[in-house]
Amino acid sequence: MTPRLWACSICHPVGVRTTSRPGADEEPHVGSFPTGSFPTQRATTGELLLPPHQPPPSHTVTRTSLPGNPLAPSAARRFVRAALADWTGLALPAAATINDRVADDAVLVVGELVTNAVVHAGTTVELLFRLEDPADGRPAALVLEVSDHHPTRTVRHEHHHREDDDGLDEYGRGLQLVAALAECWGITYRPGLKTVWARLPLDGWDTCPVPGAEPAIQRGLRAAEILAPAPRRVVRDDHEWAGRGALSFLAEASDLLAGQLDEDLVAALAGQLLVPRLADWCAFWLEDDGAEGGAPRLARVWHAEESALETLRAVLEKEPPHMPEPARPGPVPVPWPSPEPDSPGGGTAGGTALAYRLVVGGHALGTLMLGRRGRGRIPDAVTTLVEDFARRVALAIGAARRYTRQVTISRVLQRGLLPSQVAQIPGVESCVVYEPSDDGLAGGDFYDVFQAGPGARRWCFMLGDVQGSGPEAAVVTGLARPWLRLLAREDHQVGQVLDRLNRLLLDDATEAAEAAASMVAAAGDLPGDLPGAPQPPQQPQSRFLSLLYGELVPLAPEEGGGARCTLACAGHPLPLLLRPDGTVTPAAAPQVLLGVVDDVGYESHTFHLAPGDTLLCVTDGVTERRSRTGRMFDDGDGLAEALASCAGLPAREVADRIRRAVHTFGETPVRDDLALLVLQTR
């Protein structure tokens, strides 16, 4: 990368007089040179208009040698700060006026001078730092001298160096900054040595007066003006896209776009890849998924110059590209988008613009449009590369749209499989937490709280977990929850409800197996390679689930208050009962999963929920949450310990504390559906 801040734009020093002919006994050096001229590469002489002074004592001059590598500037800055600290510690009279501002200026100047020597000479750098006492009306000052051993390289002047063919300024503003901070500065040439020096006075000399401004503000404004980057054109080497450069670019694009699940984000990333490497600006239009004849929307606009972005967007919104039909990949020349002459940014130079259809499987998903300033045509290597890039963008957009459709379907399905709201049980506070592991798949956990029937005193609750996830799990959930509601409203006891649900799941699995067997038989009667021949289906999965099902009957105060609870647990994590004193006990006995064994009878357990008692029901996403070491959350009664710490909390806070404990137990995100139900009697 071309360095920016180490430049050779030179300002003439103040108070220097040059002579045209060197004397035989004069030490050759150059003082100033008039603005617009270069220092010559041969040794010349001059007389520096600095006050005569006695040779300074040794403790006010310090010097060092630095290697010509990138570490030299930082070493020089440390060296200057150490020297300033030593002079201040010696209580030298001239050092009494050294303050933080002067120290910062000296450090900044030496960093620029040493960097300039390293970048443009590359030799060993000699640094001399001197503290001058006041003399002949001149204030005390700090003098920095940086020498290198490559004097044939001159310091370039801002008005004389040329930009390359692409308009890139190769040089920065380092010596401009030195000129702004120093009272005077200059360059001295000797045989085999070039020295750049700068003098910083210690009397609060104002380097850049601004009327009415504080000195610190003055210096800050001037430094910001010098260091602010000027608008530059990007250097492009189109020849690199004819070989390995194109392969590297496409590999980078594929890695960046892979796995992006939002089409607008795909367009944004693609724009950053194109601009400014291949184009000065680009825009993406995306067509609505499934819409026929609808106008495409301008999804993203990217420009190398931020100030031109809004103007370009306004023009493109009015004039979308008109692409030929049928949709096919490849570049299509389009008119350069030109703003109105009186609009902001109007009248800008034109260029070449191309448009590419984003096509997947013969379906157009949108349009990519890009442009380059200038009258030259875009090289074939670049247009071919952009065409390959557009294919990858189209594939990424297509994948993002498929994922969006899947997520939408799953969310709609999930809303249909879960209750829209949880019933309010008189005298019981309830709270449900449900977090599916993947937004793109319907979860396997389900829950419900409902009244057994109009006017019934019984209130039923369930928390279940179907094997697997996705469509297969959704099918079982879609069967189990309505069946449970129907069986509960027919006044079946808790154990009987589970018996009948088990029988229904087994019958459904048997029917699925018989249907699969008939399809296998039909497939065996026809050659498998015939078009339309039915293929043998995959082995049907067993449809089983774990379930915690129970009933609550609120009790009047004369009956002891609270509620009478009857529940049964079929292959599910056992519910836990928390008493107000912090005691935690299991509230049910384990039994076999539903949909696995035919001849099984499920039993229920009835107990009294006294006022203040809390019943916690969870799925295995809570109990089997793993830590980094492989330990599960419920190992060593971990869930019971977490629940015991919730004594005295209301139901909502109990649910939130358990949820947070599960999330913080492991370092990775929860990979299973997480559901928990808290019931607390008041």
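Computed from a predicted structure; not experimentally measured. (Residues numbered from 1 in each chain as written. Predicted model: local features only at pLDDT ≥ 70, side-chain atom pairs only at ≥ 80, totals over all residues. Heavy atoms only, no water.)

**Section: the overall build of the chain**
- The helix and strand inventory of the chain stands at 13 helices and 22 strands.
- Scored against the burial criterion, the 682 residues of the chain give a buried share of 46%.
- Within the chain, residue pairs in contact and separated by at least 24 positions form 69% of the contacts whose partners lie at least 6 positions apart.
- Split by element, the accessible area of the chain, about 34,100 Å² in all, is 53% carbon and sulfur. (Helix = DSSP H or I, 4+ residues; strand = E, 2+ residues; numbered from the N terminus. Buried < 20%, exposed > 50% of the residue type's maximum accessible area, 1.4 Å probe, protein only. Contact = heavy atoms within 4.5 Å. Areas by Shrake-Rupley, 256 points an atom, 1.4 Å probe, with all protein chains shown as cover.)

**A word on the confidence of the model for the chain**
- Considering every residue of the chain, the mean pLDDT works out to 78; 75% of them sit at 70 or more.
- Per-element confidence in the chain is highest for strand S21 (residues 614-618), whose mean pLDDT is 97, and lowest for strand S1 (residues 16-18), whose mean pLDDT is 33.
- pLDDT under 50 marks residues 1-58. Its contacts with residues more than four places away, or in other chains, come to 127 contacts.
- A low-confidence stretch, residues 207-213 (pLDDT under 50), is modelled with nine contacts involving residues beyond four sequence positions or located in other chains. (pLDDT = per-residue confidence, 0-100.)

**A short note on the nonpolar core**
- Ranked by internal contacts, the top residues of the largest apolar core, which has 50 residues, are Phe461, Leu498, Leu547, Tyr549, Leu552, Leu594 and Leu615.
- Not counting residues within four places of it along the chain, the set of residues in contact with Tyr549 comprises Cys460, Phe461, Met462, Leu484, Ala488, Val494, Val497, Leu498, Thr566, Leu567 and Ala568. (Core = buried A, V, L, I, M, F, W, Y, C linked by side-chain atoms within 4.5 Å.)

**Describing the pattern of salt bridges**
- Following the criterion strictly, the structure yields 30 salt bridges and no others.
- Where Asp105 meets Arg101, a salt bridge forms, and the shortest distance between an N and an O atom there is 3.1 Å. Highlighted residues: Asp105 and Arg101, both in helix H2 (residues 100-120), separated by four residues, approximately one helical turn.
- Here Glu183 and Arg138 are joined by a salt bridge, their closest N and O atoms 3.8 Å apart. Placement of the pair is Glu183 in the loop between helix H3 (174-181) and strand S6 (184-190) and Arg138 in the loop between strand S4 (125-132) and strand S5 (141-148), with a sequence separation of 45 residues.
- Among the residues examined, Glu183 registers a relative accessible area of 18% and is labelled buried.
- Three or more residues joined by partner-sharing salt bridges are found here, namely Arg130, Glu132, Arg138, Glu145, Glu183 and Arg199. (Salt bridge = Lys/Arg side-chain N within 4 Å of Asp/Glu carboxyl O.)

**A few points about H2**
- A rise of 1.5 Å per residue sets the reference length of H2, with its 21 residues, at 30 Å; its end C-alpha atoms lie 30 Å apart and thus fit the reference within 8%.
- H2 sits mainly inside the fold: 16 of its 21 residues count as buried.
- One side-chain oxygen at the N-terminal end of H2 lies 3.2 Å from the backbone nitrogen of Arg101; it belongs to Asn99. (Expected span 1.5 Å × (residues − 1). Polar contact = N/O pair within 3.5 Å; in protein donor to acceptor, adjacent residues only side chain to side chain.)

**A word on the sheet that holds strand S15 (residues 459-466)**
- Taken together, five strands build an open sheet; the order of strands is S14-S15-S16-S17-S20 and the sheet is antiparallel. What marks the edges here is a single partner per strand, and that holds for strand S14 (445-451) and strand S20 (605-609). Going from strand to strand, the sheet's axes swing by 15° on average, the running direction of each strand aside.
- Here S14 pairs with S15 via seven bridges, running antiparallel. (Pairing = 2+ DSSP bridges. Axes fitted to C-alpha atoms, helices over the stretch in contact; angles between N-to-C directions.)

**Some points on the packing of aromatic side chains**
- Under the definition given, this model contains five aromatic pairs.
- Their ring planes at 40° and their centres at 4.9 Å tell us that Trp87 and Phe129 sit as a pair that is tilted. A residue pair is termed long-range when its members are at least 10 positions apart, and Trp87 in helix H1 (residues 72-89) and Phe129 in strand S4 qualify at 42 residues. We note that Trp87, like Phe129, is buried.
- Taking 5.5 Å as the distance between ring centres and 45° as the angle between the ring planes, the aromatic pair formed by Phe249 and Phe389 counts as tilted. Placement of Phe249 in helix H5 (residues 244-257) and of Phe389 in helix H8 (residues 380-417) is noted, with a sequence separation of 140 residues between them. (Phe/Tyr/Trp six-rings, centres within 6.5 Å; stacked < 30°, edge-to-face > 60°.)

**Some details on the environment of Gly427**
- With respect to the helices and strands, the residue Gly427 is situated in the loop between H8 and strand S13 (428-435).
- When the C-alpha atoms of Gly427 and Ala556 are compared, they prove to be 9.3 Å apart, with 129 residues separating the residues in sequence.
- Those residues in contact with Gly427, other than ones at most four positions away along the chain, are Gln680, Thr681 and Arg682.

**Let's talk about a nonpolar patch on the surface**
- Where nonpolar side chains cluster on the molecular surface, the patch consists of Val592, Val596 and Val597 and spans about 190 Å² of accessible area.
- Along the chain, Val592 falls in the loop between strand S19 (584-586) and S20. (Patch = residues over 30% accessible without salt bridge, like charges linked within 9 Å, V, L, I, M, F, W, Y side chains within 5 Å.)

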